[in-house]
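# Notes for the structure review
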Amino acid sequence: MRFALAAFILCLSPTGSHAQCTGGIDLGPDVTLCEGATLQLNAGAGYQSYLWQNGSTSPSYLVTAPGTYQCTVTAFGTSGDLVANGNFSAGNTGFTSTYTQGTGGTYGLLSFEGTYAVANSPSAVHNNFASYGDHTTGNGAMLVVNGASVPGQAVWCQTVAVAPNTNYAFSAWLSSAVTQSPAQLLFTVNGAPVGNPLLAPAATGQWVNFYTIWNSGASTSANICITNQNTSVSGNDFALDDISFAPFCTYTDQITVAYQDFPEPDLGTDVVACAGSPVQLTAAWPGADAFLWHNGSTTSSIAPTTSGICWVDVTQNGCTGRDSVLVTFTVQPQVDLGPNQVLCEGETSVLNAFFPNATYAWNTGASAPSITVGTAGDYSVTVDVAGCTATDAVSFAYNPLPIVNLGADTAICADAVLVRDVERAGGSYLWSDGTTWPQNTLEPGSLHWVQVTELGCSMRDSIRIASIALPIVYLGPDFLLCKGLTRELDARGPNYRYAWNTGDTLPEYTVTEAGIYGVTVSNACGSASDSVVVRLDQCDCPVFVPNAITTNNDGRNDGFRPRFDCPFDEYLLQIFNRWGQLIWESSDAELAWDGGGDAQVDGVYVWRLRLRPITVYEQVRRELVGHVVVLR
């Protein structure tokens, strides 16, 4: 709990009555450990300090080697704090003060200097004091003080009974209730100062601690007091909390730790024996106290009859050592390499003689469980499991592969075929098209294969026959050519040769005048010809297009449309705005664009005209593009 004084706060530990150093620690009795074991020594929790023989200050110590281990601890007395109401949870009781209890005024209960009160916050007893909680819980009591201008006045005093020649810990907590002129406290026991004076922090609500050790000497009582050395009238307001005065005791204990070696039984190396053979395992160890085998036996030796891991624990003076050995009883091995074999040239066969835990001796010199056979001959193996053996043998013969050859990949004309004959004496045949005769007619444009089987052995070959297309050419229909224009005739094809009736030999020919134009194209598979008749036409159909219109309805130039005199069979006029959006179109040559009415703004618009005069049919469709300015 807390209590406020004026400008700062002091705190100590829990309250209690007179106590003596009657406790102690116990590290346990001396002990003997097995080699490699560890022992955790624990001096107990709650002591103020710990000191082990090696300087460690931890509450516990891990023993890993033989030796003598000692720990000294310091602690407050077993009965706890001697100060009554040190946290002010009981209010204005249990202590004396030269200051007086606050009686109230303009600023609250502590309106006057040299007064004190117990409260949950300094602001609760003075309007200008800071608001914060006590040191212990944040919502308990504290002693709040309005500092006096007279130095050396006792703010708080209490007399407690003490034991002679005993150390006592004096502790208190201090905080500032205002920022001006922080308080400076002096702590005394039986009138003599102890420790250094404690200055309250400049910031409010920050708790600082006073702590010192006092030895009672010949004294049997202690008058402990806290005085304020600050004489400032302005500020000098603080709070005290958690004041404690408790005996400080020292206890020591030690323990001796010795180590015992583990027994080291030796069952020997792993054992492999034929089934039924006797096996003896012995775990003799001088001075052993007990034996325990994996099967529960407690004798020094056993005779196992089944395969497995056998282990034994040997105990001497409480320390147990273990050894284990793998005992394997092998059955009479079995091996079967199968019947004699007849294979085709190039084929291989794997002979497998595997048997668990076995070694292998082949007549080829190999020692693996299996070998791969690729040549004719006799093959045998001896399988050995811990001296138990079995043998088997097999013969291999080889037939040659039939010879088949369809020739290299080739290319032939699209209207040609290839004939291939792969007949062999005693052979059978399978072609990619399902045919089973030795001779087959192969067409271009695909991959063909044949499989020949003779004496049970098969061989396959394949041929890819590409197709060379027959030449073709088409120059298009006869046409009219506008005078002054040109047109390209295209006869190109893959790997063609060209012969025009004009004497040209290029894939294309440019027509500039009337006439009959012919070409012959040829490749490795033949030739093809075509011709076209070209006639000239004047194509005289001039088009007039205005470049500006006014939409003021004055009867002059109010609309936009192209003008021409020749007949036509196709007409389309389109108008686009400056963003390329189509805003008007018409296929009526007599219909004029009025500029878009009031909704359309002045500016430049793009027009496009598509026109096909009747005189040239589909050969000279015209497309004209331009700009027109609209004025309002």
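None of these values were measured; they are calculated from a predicted model. (Residues numbered from 1 in each chain as written. Predicted model: local features only at pLDDT ≥ 70, side-chain atom pairs only at ≥ 80, totals over all residues. Heavy atoms only, no water.)

## Some points on the overall build of the chain
- Helix and strand counts for the chain stand at zero helices and 46 strands.
- Relative to the 2.2 N^0.38 estimate, which gives 26 Å for 632 residues, the radius of gyration of the chain is 60 Å and therefore markedly larger than a compact globule would have.
- A total of 632 residues make up the chain; the buried ones form 40% of that total.
- At a minimum sequence separation of 6, the contacts of the chain that also span at least 24 residues come to 64%.
- If you sum the accessible surface of the chain, you get close to 32,100 Å²; carbon and sulfur atoms cover 50% of it. (Helix = DSSP H or I, 4+ residues; strand = E, 2+ residues; numbered from the N terminus. Rg over C-alpha atoms; globule rule 2.2 N^0.38 Å. Buried < 20%, exposed > 50% of the residue type's maximum accessible area, 1.4 Å probe, protein only. Contact = heavy atoms within 4.5 Å. Areas by Shrake-Rupley, 256 points an atom, 1.4 Å probe, with all protein chains shown as cover.)

## Things to note about the packing of aromatic side chains
- Within this structure, the stated rule accounts for 22 aromatic pairs.
- Their ring planes at 45° and their centres at 5.9 Å tell us that Phe568 and Tyr571 sit as a pair that is tilted.
- The exposure class of Phe568 is partly exposed, given its relative accessible area of 32%.
- We classify Tyr571 as buried; its relative accessible area is 6%.
- Among the aromatic side chains, those forming a connected cluster through ring pairs are Tyr168, Phe170, Phe187, Phe210, Trp214 and Phe245.
- It is Arg578 that lies over the ring of Trp579; its NZ or CZ is 5.5 Å from the centre. (Phe/Tyr/Trp six-rings, centres within 6.5 Å; stacked < 30°, edge-to-face > 60°. Lys NZ or Arg CZ within 6 Å of the ring centre and 35° of its normal.)

## Examining a nonpolar patch on the surface
- The grouping of Val604, Val629 and Leu631 at the surface amounts to a nonpolar patch, some 210 Å² of accessible area in total.
- As for its position among the elements, Val629 is in strand E46 (residues 622-631). (Patch = residues over 30% accessible without salt bridge, like charges linked within 9 Å, V, L, I, M, F, W, Y side chains within 5 Å. Salt bridge = Lys/Arg side-chain N within 4 Å of Asp/Glu carboxyl O.)

## What to know about the sheet that holds strand E32 (residues 428-431)
- Spatially, the four strands line up as an open sheet ordered E30-E35-E34-E32, and their pairing is mixed. For this open sheet the edge positions go to strand E30 (410-413) and E32, each flanked by a neighbour on one side alone. On average, each strand axis in the sheet is inclined to that of its neighbour by 30°, with strand direction left out of account.
- Across four bridges, E32 lies against strand E34 (residues 446-454) in antiparallel orientation. Opposite Trp431, over in E34, you have Val450 as the bridge partner. (Pairing = 2+ DSSP bridges. Axes fitted to C-alpha atoms, helices over the stretch in contact; angles between N-to-C directions.)

## Here's the deal with the side chain of Gln158
- With respect to the helices and strands, the residue Gln158 is situated in strand E10 (residues 153-161).
- Ignoring anything within four residues of it in the chain, the contact list for Gln158 reads Leu82, Val83, Ala84, Gly94, Phe95, Ala222, Asn223 and Ile224.

## A look at the state of the cysteines
- Across all of its chains, the model carries four disulfides by this definition.
- Between the sulfur atoms of Cys157 and its disulfide mate Cys225 the distance is 2.1 Å. Looking down the S-S bond of the Cys157 and Cys225 bridge, the torsion is 120°, so its handedness is right-handed. Residue Cys157 is found in strand E10, and its partner Cys225 is found in strand E16 (residues 221-228); the two are separated by 68 residues along the sequence.
- Owing to a relative accessible area of 9%, Cys225 belongs among the buried residues under this scheme.
- Here Cys413 engages in a disulfide with Cys525; their sulfurs sit 1.8 Å apart. One disulfide, between Cys413 and Cys525, carries an S-S torsion of -100° and so falls in the left-handed class. Of this pair, Cys413 sits in strand E30 while Cys525 is found in the loop between strand E40 (515-523) and strand E41 (526-537), placing the two residues 112 residues apart along the sequence. Taken individually, Cys413 and Cys525 each receive the classification buried, so the pair is uniform in this respect. (Disulfide = S-S within 2.5 Å.)

## A closer look at the sheet that holds E46
- Spatial strand order, E42-E46-E45-E43-E44: five strands in an open sheet with mixed pairing. If you trace the sheet from one side to the other, it starts and ends with strand E42 (548-550) and strand E44 (582-586), each paired once. Strand-to-strand, the axes of this sheet are offset by a mean angle of 25°, without reference to chain direction.
- Inspection of the sheet shows strand E43 (residues 568-576) paired to strand E45 (residues 603-613) by eight bridges, in the antiparallel sense. Each bridged residue has a counterpart across the sheet, and for Tyr571 the counterpart in E45 is Leu611.

## So, the nonpolar core
- In terms of nonpolar packing, the biggest core is built from 35 residues, with Trp156, Phe170, Phe187, Ile226 and Phe245 touching the most fellow members.
- Mapped onto this core, the elements with two or more residues apiece are strand E9 (142-146), E10, strand E11 (167-176), strand E12 (184-189), strand E15 (208-215), E16 and strand E17 (237-260).
- Counting 18 residues, the second-largest nonpolar core is a separate cluster that includes Leu351, Val373, Tyr379 and Ala390. (Core = buried A, V, L, I, M, F, W, Y, C linked by side-chain atoms within 4.5 Å.)

## Section: the pattern of salt bridges
- Taken as a whole and judged by the stated rule, the model has seven salt bridges.
- A salt bridge links Glu570 to Arg612, with the nearest nitrogen and oxygen atoms 3.8 Å apart. With Glu570 in strand E43 and Arg612 in strand E45, this residue pair connects regions lying 42 residues apart in the sequence.
- Assessed through its relative accessible area of 24%, Glu570 is described here as partly exposed.

## Side note on the side chain of Asn230
- Turning to its location among the elements, Asn230 is positioned in the loop between E16 and E17.
- Asn230 gets classed as buried once you look at its relative accessible area, which sits at 13%.
- Engagement of the side chain of Asn230 in a polar contact is seen with the side chain of Ser181, the distance being 3.0 Å.
- At 2.9 Å, the side chain of Asn230 and the backbone nitrogen of Ser232 are in polar contact.
- If near-sequence neighbours (up to four positions away) are discounted, Asn230 is found in contact with Ala148, Ser181, Pro182, Ala183, Gln184 and Asn236. (Polar contact = N/O pair within 3.5 Å; in protein donor to acceptor, adjacent residues only side chain to side chain.)

## Comments concerning the environment of Gly318
- For Gly318, the location among the structural elements is in the loop between strand E22 (308-316) and strand E23 (319-330).
- A residue is classified by how much of its surface remains accessible, and Gly318, at 59% relative accessible area, is exposed.
- C-alpha separation for the pair Gly318 and Thr252, spaced 66 residues apart in sequence, amounts to 30 Å.
- When residues no more than four places from it in sequence are discounted, the contact partners of Gly318 are Cys34 and Asp289.

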